[in-house]
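So you can see what is in the structure, the chains are spelled out below.
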Amino acid sequence: MRTFLKPLLAQDPRFVSFYAPIFQSLTGKNLLKLGQQVHAQMALRGFEPDAYLGAKMVAMYASSDDLDSAVAIFHRVNNPSTLLYNSIIRAYTLHGFSEETMEIYGRMHCLGLKGDNFTYPFVLKCCAELSRIWIGKCVHGLSLRVGLESDMYVGTSLINMYVKCCDMSDARRLFDKMTVRDVSSWNALIAGYMKDGEICLAEDLFGQMPGRNIVSWTAMISGYTQNGLAEQALFLFDEMLKKDSRVKPNWVTIISVLPACAHSAALERGRNIHNFASRIGLESNVSIQTALLAMYAKCGSLLDARQCFERVRQTQNNLVAWNTMITAYASHGRGSEAVSTFEDMIVAGVQPDNITFTGLLSGCSHSGLVDVGLKYFDYMKTVYSVEPGVEHYACVVDLLGRAGRLAEAKDLISKMPMQAGPSIWGAMLSACRKYHNLEIAEIAASCLFILEPENSGNYVMLSNIYAEAGMWKEVDNLRVLLKAQGVKKNPGCSWTEVNGKAHLFLGGDTSHPQAKEIYEFLLDELPKKIKAAGYVPDTSFVLHDVSEEEKEHSLTTHSEKLAIALGLLNTSPGVVLRVTKNLRICGDCHTATKLISRIYKREIIVRDLNRFHHFKDGNCSCGDYW
DNA sequence: TTAGGGTTAG
């Protein structure tokens, strides 16, 4: 081509109308090669894209994740337009480059190019991502000036921006002012209220909204799950299937409801949802498999969890799945499996992150792998370039504390580069209880009382330490303090699924229809059998300064014992009993459950606040180290 | 070319 022809051709509108639809049709990764060929041919002909064609080309490259080429084209265009800027803003936003988007938007603004209904939603998404509410407010002002306040996309994006920046009052004000609302505007506000813990306000909106789609239902379900309201989440999931046949649950719905099963340890419910996901063709989804993995692990079935992991491994090398598997082993006290899974992950070429190390270190801690844990704590920074956070220090304090190395743990706390939080002092206090160190216990407890005055668990823990030392006066003083502070004690409760139905017990609970049978078993049959096997009630776990006989009675009716009794009375031999407790299992229940597993030849899996205990043949998977 | 729901840890 003669050089003098090039400027002429560059002006030729026929070239634009020729190439634009071609580039527009070549979107997606598998068409990238073709797009590159057309681009090369165009360049050979000496044709430089104008703003319109440039926008199409930017979109094409962005759709196949070739952001570098998209950016290069953007910079070559001489007279940029709003359309061109929109295309690069879209490309950056969809690839998670929020900072770059903001920079480009700033440049657009300086050039005097006006943003439009396509610009603002992306820019606002980035403001939300970066929590830049002040820029979001400027965009809000600008959109009002150019008359875009009534655009549904801009309006909903503004609501979402306020929601993500934790400004619910402005989000609500905007919502109330909107003349035309879309189902998405309602959804954004519902999600905001749920995130804020304002369940009733979210429920009100959900009740009032004119039409619901799958996102509305999912926002409610995930909101319940995230606020610990597992029962409501599961109920609403069923309601959705029953009442709204038009909505089709998708993968987000499934991964939102699964944590509710995990939370309530409802294994059968979880299995049903798993089957449901398979029936609607979602089983191959990696996020669903990972959520299933977590659910099975939290419901006590490591075998099912591992199967989900293997399914993910067949197709993907996914960081979240590795992390979930490592964490699953850790919570089940399978430290060496957590370590070997971590090593497999490294061999598979996946870069670990902060969550990987939280799982790995807690796995070492729960299994007493002290030196291995300390080695990985060192490696995380030196070998894997992951900066230890407060949660990792908490794991190491726990690791040292459980092994009785209290002085080293205390030393580590004093050398931490950040302020010690509740997790650190909580781990220290537990260690002090195990090793009867009153002096450090009082230091840890006094920090905890300042850091989280509302947490009754800390008062109870110190009270237990005093009680074990026979310091009843201090126990009483603490009780007075608890009352004066207005702290409500968190009552211990346990639950179990028997033949697919959940049963909840409080300590000393007599409200269950089978209470008579349960109490006869616990007060008569069981003591005879376990005492014959060498059981001595460990009354040091009882708080009150009362007679030994009364202490023993109070132990006998701990909620976990009631739940185990119900399971033994209602299931056939060979059925694994699964019990979940909202607090840590007490030492006496731990001893008794080991004996029950031997005498009644039952596998019993107890999930407590921190971990799993697998009782079998008179032993526990924690090796009495918890 | 545009908005809304998101699995792992704590």
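Computed from a prediction, not measured in an experiment: that's the story for all the values here.

A. Summary view of the overall build of chain A. Looking only at helices and strands, one finds 33 helices and six strands in chain A. With the principal axes as the frame, chain A shows a C-alpha extent of 105 × 55 × 50 Å. Counted over contacts in chain A with a minimum sequence separation of 6, partners at least 24 positions apart contribute 63%. If you sum the accessible surface of chain A, you get close to 29,800 Å²; carbon and sulfur atoms cover 54% of it. Here chain A carries 64 positive and 65 negative side-chain charges, and the mean point of each set is 5 Å from the other.

B. Inspection of the packing of helix α12 (residues 183-195) against helix α14 (residues 214-226) at higher detail. At their nearest, the axes of α12 and α14 sit 9 Å apart, and the two run at 0° to each other. Relative to α14, the element α12 lies roughly parallel. Where α12 abuts α14, its residues Val183, Asn187, Ile190 and Met194 lie against Val215, Ser216, Ala219, Met220, Gly223 and Tyr224. In terms of residue class, the contact of α12 with α14 is built from seven nonpolar, three polar and no charged.

C. Focus on the UniProt feature "repeat: PPR" (unreviewed entry) in chain A. Within the UniProt annotation, "repeat: PPR" (unreviewed entry) is assigned to residues 81-115, 182-212, 213-247 and 318-352. Split by type, residues 182-212 is 74% helix and 0% strand. Its first and last C-alpha atoms lie 10 Å apart. Counting secondary structure, residues 318-352 comes out at 74% helix and 0% strand; the distance between its end C-alpha atoms is 11 Å.

D. Examining the state of the cysteines more closely. Scanning the model with the defined rule gives zero disulfides in all. For the unlinked cysteine Cys165, the closest cysteine sulfur is that of Cys166, found at 7.3 Å. Free of any disulfide, Cys200 has its nearest neighbouring cysteine sulfur in Cys166, separated by 20 Å.

E. Representation of the pattern of salt bridges. With the rule as written, the count across this model stands at 27 salt bridges. The partner of Arg433 in a salt bridge is Glu468, and the shortest N-O contact between them spans 2.9 Å. Placement of Arg433 in helix α26 (residues 422-434) and of Glu468 in helix α28 (residues 456-468) is noted, with a sequence separation of 35 residues between them. You can call Arg433 buried: its relative accessible area is 17%. Within this structure, Lys137, Asp170 and Arg173 form a network of salt bridges that share partners.

F. Quick peek at the environment of Glu310. With respect to the helices and strands, Glu310 occurs in helix α19 (residues 302-315). For Glu310, a relative accessible area of 34% gives the class partly exposed. For Glu310 and Leu526, which are 216 residues apart along the polypeptide, the C-alpha to C-alpha distance reads 41 Å.

G. View of the packing of aromatic side chains. For the structure on display, the rule yields 16 aromatic pairs. Each ring, one from Phe342 and one from Tyr384, has its centre 5.6 Å from the other, and the planes form 85°; the classification is edge-to-face. Of this pair, Phe342 sits in helix α21 (residues 335-347) while Tyr384 sits in the loop between α23 (370-382) and α24 (390-402), and the two are 42 residues apart along the sequence. Exposure remark for Phe342: the relative accessible area of 0% places this residue in the buried category. Lying across the ring of Tyr376, Lys375 places its NZ or CZ 4.8 Å from the centre.

H. Quick look at the protein's contact with DNA strand B. In the vicinity of DNA strand B, 43 residues are found, and the nearest of them are Asn117, Asp182, Asn213, Asn250 and Trp251. For DNA strand B, the fraction of atoms within 4 Å of the protein that belong to sugar or phosphate moieties is 48%. At 2.6 Å, a side-chain N or O of Asn250 approaches a base nitrogen of DNA strand B. Here a base oxygen of DNA strand B and a side-chain polar atom of Asn323 are 3.1 Å apart. For the surface near DNA strand B, the leading source of residues is helix α10 (residues 152-164), giving six residues. The residue makeup of the surface near DNA strand B, split by class, is 17 nonpolar, 21 polar and five charged.

Rules and cut-offs
Residues numbered from 1 in each chain as written. Chains lettered and ligands numbered in written order. Predicted model: local features only at pLDDT ≥ 70, side-chain atom pairs only at ≥ 80, totals over all residues. Heavy atoms only, no water. Helix = DSSP H or I, 4+ residues; strand = E, 2+ residues; numbered from the N terminus. Contact = heavy atoms within 4.5 Å. Areas by Shrake-Rupley, 256 points an atom, 1.4 Å probe, with all protein chains shown as cover. Lys, Arg positive; Asp, Glu negative; His and termini not counted. Charge placed at Lys NZ, Arg CZ, Asp CG, Glu CD. Axes fitted to C-alpha atoms, helices over the stretch in contact; angles between N-to-C directions. Parallel < 35°, antiparallel > 145°, perpendicular 65-115°, else oblique. Nonpolar A, V, L, I, M, F, W, Y, C, P; charged D, E, K, R; others polar. UniProt positions renumbered as here; feature names shortened; annotations may be inferred. Disulfide = S-S within 2.5 Å. Salt bridge = Lys/Arg side-chain N within 4 Å of Asp/Glu carboxyl O. Buried < 20%, exposed > 50% of the residue type's maximum accessible area, 1.4 Å probe, protein only. Phe/Tyr/Trp six-rings, centres within 6.5 Å; stacked < 30°, edge-to-face > 60°. Lys NZ or Arg CZ within 6 Å of the ring centre and 35° of its normal. Near = heavy atom within 4 Å. Polar contact = N/O pair within 3.5 Å; in protein donor to acceptor, adjacent residues only side chain to side chain.

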